[in-house]
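What follows is the residue order along each chain.
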There are 2 protein chains.
Amino acid sequence: MKELEARIRKEGRIWPDGMINLTSFLSHAIDIDFLDRIAQELAAKFADQPVSRILTIESSGIALAVLTAQRLGVPAVVVKKARKDHIEGGLFQSRVYSYTYDGDTTLLLAKDSLMEDDHVLIIDDFLSRGEAVGALLAILRHAGVSVAGVGIAVEKGFEGGGDRLRESGVNLHSLAIIQSAEDGNFTFRPQP
Amino acid sequence: MKELEARIRKEGRIWPDGMINLTSFLSHAIDIDFLDRIAQELAAKFADQPVSRILTIESSGIALAVLTAQRLGVPAVVVKKARKDHIEGGLFQSRVYSYTYDGDTTLLLAKDSLMEDDHVLIIDDFLSRGEAVGALLAILRHAGVSVAGVGIAVEKGFEGGGDRLRESGVNLHSLAIIQSAEDGNFTFRPQP
């Protein structure tokens, strides 16, 4: 998505530890119209499938998941990072490393938030090493529902997580794939 | 909002510790169409004001904040709970007790995510003792921007936080005010 790449070039910041900061439009301050165009692009990538539900993980992917769900006319489910959250009834769980907490956290999903015949699309704003998506896929596999694929706004291609998912057969679409982010310059993987 | 009250009566759960669980439609599994009607009602409450930006706090209020921002045609800002979040540049900060972490957490807002002439509307899904809203108001006061008010989906009226805010002059609108939630029965404060 050219507009997304241009925005990353213009506003993206690269931290000394390699963290890429897109908070000025994607996750902290949110340009709703722009995020909705990203959602529209993602919805179009999966338009050939009978997606029945969006799944995301708190918290930075929630805004994009909500707008994509709205575009597709389906509900969204936000998988919680376990702490004191009260979710009633049966739970699906999965462990994942969290950058936010700098440690493992347990992902929680209420069993009754998925239906047996669901066809689920995973949405997130960022894909790096792919651990969060891997944990969500594990939950969906455990739940026995089918997976439409994974839609991502920005993939850090040089981390390899996206390519590992593609190689394992996951139907993954990322709208911008950052190939390198050195010396403050972003280069992107060419996409069809 | 009658539809919201009906949905709380039907799907709301009251935990032994008094926690009210509305995860089945409001924050965990999200009924986007319904949440958008809530957003539309909140937008209407503040239609007489030149709202320029929505402010919310991660993570359960993000979905409603995004849809309300979309209805009003303005950007949204998600205040972060401080952990390892990278937000560049100057920061506004405020301390608040977090139920999620069962302890104090620091709220972070990038200074450049607000403009001097902003007229900010705070949106959240839930208001209980009002600590989160109080911390957001403190940040906005410190930032020197004007406040349109506070829009809430569900207020726990019996906790008193909403009335304390109203008494202090805050322009607060809650679409459903739970007056009591005993023995599994919800009663609501009548609203004009």
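None of the values given here were measured: they were computed from a predicted structure.

This part is about the overall build of chain A. A tally of regular secondary structure across chain A gives six helices and eleven strands. Over its C-alpha trace chain A gives a radius of gyration of 16 Å, about what one expects of a compact globule, namely 16 Å for 192 residues. Its C-alpha atoms give chain A principal-axis dimensions of about 50 × 40 × 35 Å. For chain A, buried positions account for 56% of its 192 residues. For chain A, the proportion of contacts with a sequence separation of at least 24, taken over those separated by at least 6, is 59%. Carbon together with sulfur atoms contributes 47% to the accessible area of chain A, which is approximately 8,000 Å² in total. Distance between charge centres in chain A, computed from 21 positive and 27 negative side chains, equals 2 Å.

The end-to-end C-alpha distance of helix α5 (residues 131-143) of chain B, which contains 13 residues, comes to 18 Å, matching closely the 18 Å that a straight helix rising 1.5 Å per residue would cover. Of the positions making up α5 of chain B, those classed as buried are Val133, Ala135, Leu136, Leu137, Ile139 and Leu140 of chain B.

When two helices pack together, their arrangement is given by the angle between the helix axes and by the axis-to-axis distance. Residue and element names in this part refer to chain A. Across the interface, helix α3 (residues 32-45) lies against helix α4 (residues 62-72) with an axial gap of 8 Å and an inter-helix angle of 55°. Taken together, α3 and α4 sit at an angle that is classed as oblique. Between α3 and α4 lies a crossing of right-handed hand. Residues Ile32, Leu35, Asp36, Ile38, Ala39, Gln40, Leu42 and Ala43 of α3 form the contact with α4, whose own contacting residues are Ala63, Leu64, Leu67, Thr68, Arg71 and Leu72. Broken down by class, the residue content of the contact of α3 with α4 amounts to ten nonpolar, two polar and two charged.

Reading the values: rules and limits
Residues numbered from 1 in each chain as written. Chains lettered and ligands numbered in written order. Predicted model: local features only at pLDDT ≥ 70, side-chain atom pairs only at ≥ 80, totals over all residues. Heavy atoms only, no water. Helix = DSSP H or I, 4+ residues; strand = E, 2+ residues; numbered from the N terminus. Rg over C-alpha atoms; globule rule 2.2 N^0.38 Å. Buried < 20%, exposed > 50% of the residue type's maximum accessible area, 1.4 Å probe, protein only. Contact = heavy atoms within 4.5 Å. Areas by Shrake-Rupley, 256 points an atom, 1.4 Å probe, with all protein chains shown as cover. Lys, Arg positive; Asp, Glu negative; His and termini not counted. Charge placed at Lys NZ, Arg CZ, Asp CG, Glu CD. Expected span 1.5 Å × (residues − 1). Axes fitted to C-alpha atoms, helices over the stretch in contact; angles between N-to-C directions. Parallel < 35°, antiparallel > 145°, perpendicular 65-115°, else oblique. Left-handed = near helix turned anticlockwise from the far one by under 90°. Nonpolar A, V, L, I, M, F, W, Y, C, P; charged D, E, K, R; others polar.

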